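# Structural description and commentary
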Amino acid sequence: NAGVMQNPRHLVRRRGQEARLRCSPMKGHSHVYWYRQLPEEGLKFMVYLQKENIIDESGMPKERFSAEFPKEGPSILRIQQVVRGDSAAYFCASSPRRDDYGYTFGSGTRLTVV
Amino acid sequence: GESVGLHLPTLSVQEGDNSIINCAYSNSASDYFIWYKQESGKGPQFIIDIRSNMDKRQGQRVTVLLNKTVKHLSLQIAATQPGDSAVYFCAENSRANQAGTALIFGKGTTLSVSS
């Protein structure tokens with residue numbers, strides 16, 4: 001079991017470009033959660049998805065950010081027209097069931113906007 | 001608003017000592033709490049959890065205590081080792097809606113263990 005796989009590990013984008021972050025959950029896990037971590041801070045919840053559905057996006061900025069988890073393939077966190085303030089580590093976690101809080105986290109994608 | 005916080009941002013201990021990391025939470029409706037460990041450059045790793053119907057739970061070298069009266073959570077690490085050096089986060093569940101839930105994390109305590 002390869003665990004939660006995130007790619008790329010590091011991503012550099014110029015201001016105004018698009019960033020696409022990918023997350024493949026653990027085998028058998030259909031619930032995916034995205035968190036953002038700013039330097040020296042905790043993890044901030046962004047969005048919770050189940051296959052083909054967004055369950056809770058209360059932590060997502062209203063503009064430029066979107067997430068999907070299609071029937072086939074990884075979950076994608078998309079950031080359009082990136083700004084310097086988007087620089088952070090983005091972590092994905094997965095769980096097998098709703099209300100199973102023992103999330104398994106990936107190693108994260110470190111986004112740097114220059 | 002709902003928040004989970006930690007009392008101290010850093011904690012330094014000697015190898016072999018016992019460590020206690022504290023956390024205060026504000027959402028009295030939370031019924032599940034978890035401690036995570038995050039090493040540099042890695043994702044958070046599950047350590048131990050506790051439900052609100054318990055006040056103590058033990059694992060291997062770790063114990064979590066929950067005091068619902070004062071909304072306080074603590075993580076005790078026995079015989080702390082250099083490999084325990086990391087950032088420790090407490091987290092609570094937060095029922096954003098009927099369909100699902102998400103964990104809310106505190107800011108973290110950095111544990112440094114010296115030999």
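The structure this text deals with has already been given above.
My aim in this report is to walk through the structure given alongside it, one point at a time. (Residues numbered from 1 in each chain as written. Chains lettered and ligands numbered in written order. Predicted model: local features only at pLDDT ≥ 70, side-chain atom pairs only at ≥ 80, totals over all residues. Heavy atoms only, no water.)

## Concerning the interface of chain A and chain B
Basically, it comes down to this: Every residue pair with non-hydrogen atoms within 4.5 Å of one another is taken to be in contact. Buried area is a sum: the accessible area each of two parts loses on coming together, probed at 1.4 Å, counted once for each and added. Here a salt bridge means any side-chain nitrogen of Lys or Arg lying within 4 Å of a carboxyl oxygen belonging to Asp or Glu. Two N or O atoms count as a polar contact when they lie within 3.5 Å, although within protein this holds only if one can serve as hydrogen donor and the other as acceptor, and sequence-adjacent residues are included solely when both atoms are side-chain atoms. Put simply, DSSP H or I for four residues or longer makes a helix, DSSP E for two residues or longer makes a strand, and each gets a number counted from the N terminus. Here the term charged refers only to Asp, Glu, Lys and Arg, the term nonpolar to Ala, Val, Leu, Ile, Met, Phe, Trp, Tyr, Cys and Pro, and the term polar to all other amino acids, Gly among them.
Between chain A and chain B, the contact holds 21 residues from the first and 24 residues from the second. Counting the surface lost from both chain A and chain B, the interface buries some 1,800 Å², and carbon and sulfur atoms represent 55% of this. Contact with chain B buries area across many residues of chain A, yet L43(A), Y101(A) and F105(A) alone supply 33% of it, more than any other trio. Put simply, chain A and chain B have 0 salt bridges between them. Summed over the shared surface of chain A and chain B, the number is 7 residue pairs in polar contact (both at pLDDT 80 or more). Contributions of two or more residues to the side of chain A that touches chain B are made by β4 (31-37), β5 (43-50) and β6 (53-56) of chain A. Along the lines of polarity and charge, the residues of the side of chain A that touches chain B split into 10 nonpolar, 5 polar and 6 charged.

## A word on the environment of S115(B)
Residue and element names in this part refer to chain B. Relative to the assigned elements, S115 resides in the segment after β11 (109-114). Placed 87 residues apart in sequence, S115 and S28 show a C-alpha to C-alpha distance of 39 Å. Contact partners of S115, with chain neighbours within four places excluded, come to Q14, E15 and P82.

## Looking at the state of the cysteines
Residues and elements named next belong to chain A. Condition: Criterion for a disulfide: a pair of cysteine sulfur atoms within 2.5 Å. Classification of residues uses two cut-offs on accessible area relative to the type maximum, computed with a 1.4 Å probe and protein chains only: under 20% is buried, over 50% is exposed, and between them is partly exposed.
Per the stated rule, a full pass over the model turns up 2 disulfides over all chains. The disulfide bridge from C23 ends at C92, spanning 1.8 Å between sulfur atoms. Handedness here is read from the sign of the S-S torsion; for C23 and C92, about -50°, the answer is left-handed. In this pair, C23 sits in strand β3 (residues 19-24) while C92 sits in strand β9 (residues 88-95), placing the two residues 69 residues apart along the sequence. Judged on exposure class, the residue C23 and its partner C92 are both buried.

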